[in-house]
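# Descriptive analysis of the structure
Residue strings, one per chain:
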There are 2 protein chains.
Amino acid sequence: MGNIDYVEVIGLCAAVLTTAAFLPQVYKTWKTKDVSSLSMPMLWMFFTGVILWLIYGFLLESAALILANSITCISAFLLFYFKIKYRNR
Amino acid sequence: MGNIDYVEVIGLCAAVLTTAAFLPQVYKTWKTKDVSSLSMPMLWMFFTGVILWLIYGFLLESAALILANSITCISAFLLFYFKIKYRNR
């Protein structure tokens, strides 16, 4: 085994946490259908930003960026979709 | 002026959008004090992840990572604080 690069381990932990963070939010929103306190500008800016991170990842051929942002992109899309679907409940 | 590196422009736009996205959420939460649909596990995982991104940015001496994650760190901390403060309202 090679030496573990602790800098990259920190980056990887960061990526896993900020990617996984949106999964409990998606689950909660899906179960409760409560979108009252989610900000619509936050959702579309975040979704658009994540799409750009994904394009950036493909252009840099960065597996970490592509993987993390593919998952976050799905979470961000679902939250945006739930916000539109449940906003008038 | 040198050539504009369009790949880095896409990365920069991505960073600006995903950083700025949390500002309308912080503003909305501050004004309405409504935290009902914000997921607590999302908030602490996201906050911890952003702290790690910031450390990663300092270790890599990346100005973009440090700047973007400093601002996001403040937003994430405020949302976490609002969630604890207003959860029982």
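For the structure given in this document, a descriptive report is provided here. Going along each chain's sequence as written, the residues are numbered from 1 onward. Starting at A for chains and at 1 for ligands, labels are handed out in the order in which the entities are written. Reporting in this predicted model follows two pLDDT cut-offs: at least 70 for local features of residues, and 80 or more for side-chain atom pairs to be given and counted; totals over whole chains, interfaces and linings ignore these cut-offs and use all residues. Based on all heavy atoms of the structure, the side-chain values leave hydrogens and waters out of the count.

This part is about the interface of chain A and chain B. Only heavy atoms enter the contact rule, under which two residues are in contact if any of them lie within 4.5 Å. Listed by partner, the interface residues are 36 residues for chain A and 36 residues for chain B. Note: buried area is the sum, over both parts, of the accessible area (probe 1.4 Å) each one loses when the two are combined. Buried area between chain A and chain B, summed over both chains or domains, comes out near 3200 Å², and the portion from carbon and sulfur atoms is 75%. Three residues stand out in chain A for area buried against chain B, namely A:Leu17, A:Ser37 and A:Met45, and they jointly supply 18% of the buried area on that side. What makes a salt bridge here is a side-chain nitrogen of Lys or Arg within 4 Å of a carboxyl oxygen of Asp or Glu, nothing more. Counting across the chain A and chain B interface gives 0 salt bridges.

With that settled, the discussion passes to the packing of helix α2 (residues 22-32) of chain A against helix α4 (residues 63-86) of chain A. All names here are of chain A. The contact between α2 and α4 brings their axes to 10 Å, and the two run at 25 degrees. With respect to each other, α2 and α4 are oriented roughly parallel. Classified by chirality, the crossing of α4 by α2 is left-handed. Of α4, the residues touching α2 (which contributes Phe22, Leu23, Gln25, Val26, Thr29 and Trp30) are Thr72, Ser75, Leu78, Leu79 and Phe82. Each residue gets one label: Ala, Val, Leu, Ile, Met, Phe, Trp, Tyr, Cys and Pro are nonpolar, Asp, Glu, Lys and Arg are charged, and the others, such as Gly, are polar. Class assignment for the residues of the contact of α2 with α4 results in 7 nonpolar, 4 polar and no charged. Lines fitted to the C-alpha atoms define the axes, with helices restricted to the stretch that makes contact. Angles between their N-to-C directions range from 0 to 180 degrees. Each helix is a run of DSSP H or I of at least 4 residues and each strand a run of E of at least 2, with the numbering of both proceeding from the N terminus. An angle below 35 degrees is treated as roughly parallel, one above 145 as roughly antiparallel, one from 65 to 115 as roughly perpendicular, and anything else as oblique. Less than a right angle of anticlockwise turn of the near helix away from the far helix marks a crossing as left-handed, whereas a clockwise turn marks it as right-handed.

Another point: empty space enclosed by the protein. Where empty space is left in the structure can be found by rolling a water-sized probe over the atoms. In this analysis, the protein atoms alone were mapped onto a 1 Å grid. Cavities are point sets where a 1.4 Å probe fits without being able to get out; pockets are open sets with protein on both sides within 12 Å along at least five of seven lines; lining residues have an atom within 4 Å of a point. Grid points are joined across faces, edges and corners, and a volume is the space filled by probe spheres set on the points. Within the structure shown, the criterion is met by 1 cavity of 30 Å³ or more. Its volume calculated, the largest cavity comes out at about 30 Å³. Together, A:Met42, B:Phe22, B:Gln25, B:Leu38, B:Met42, B:Leu43 and B:Leu79 line the largest cavity. Elements that contribute at least two residues to the lining of the largest cavity include exactly α2 (22-32) and α3 (40-60) of chain B. For the lining of the largest cavity, the per-class residue count stands at 6 nonpolar, 1 polar and no charged.

With that settled, the discussion passes to the relation of the copies chain A and chain B. Copies overlap after least-squares fitting; the atoms used are the C-alpha atoms of residues with pLDDT of at least 70 in both. Overlaying chain A with chain B gives an RMSD of 0.0 Å, the required rotation being 180 degrees about an axis along which the chain moves by 0.0 Å. This pairing of chains is accounted for by a two-fold axis. Residue A:Ser37 of chain A places its C-alpha closer to the rotation axis than any other residue of that unit, at 2.7 Å. With an isologous cut-off of 70% or more, the 100% of interface residues of chain A that recur at the interface of chain B puts this contact in the isologous class.

The next thing to look at is helix α3 (residues 40-60) of chain A. Residues and elements named next belong to chain A. Multiplying 1.5 Å by the residue count of a helix minus one yields the expected span of that helix. Here α3 spans 30 Å end to end across 21 residues, near enough to the 30 Å set by a 1.5 Å rise per residue. For α3, the capping residue at the N-terminal end is Ser39, with a side-chain oxygen 3.2 Å from the backbone nitrogen of Met42. Residue Glu61 follows α3 closely and has a positive phi angle near 55 degrees. A 3.5 Å cut-off defines polar contacts: any pair of N or O atoms within that distance qualifies, except that in protein one atom must be a possible hydrogen donor and the other a possible acceptor, and neighbouring residues in sequence count only when both atoms are side-chain atoms.

Geometry only, nothing functional implied.
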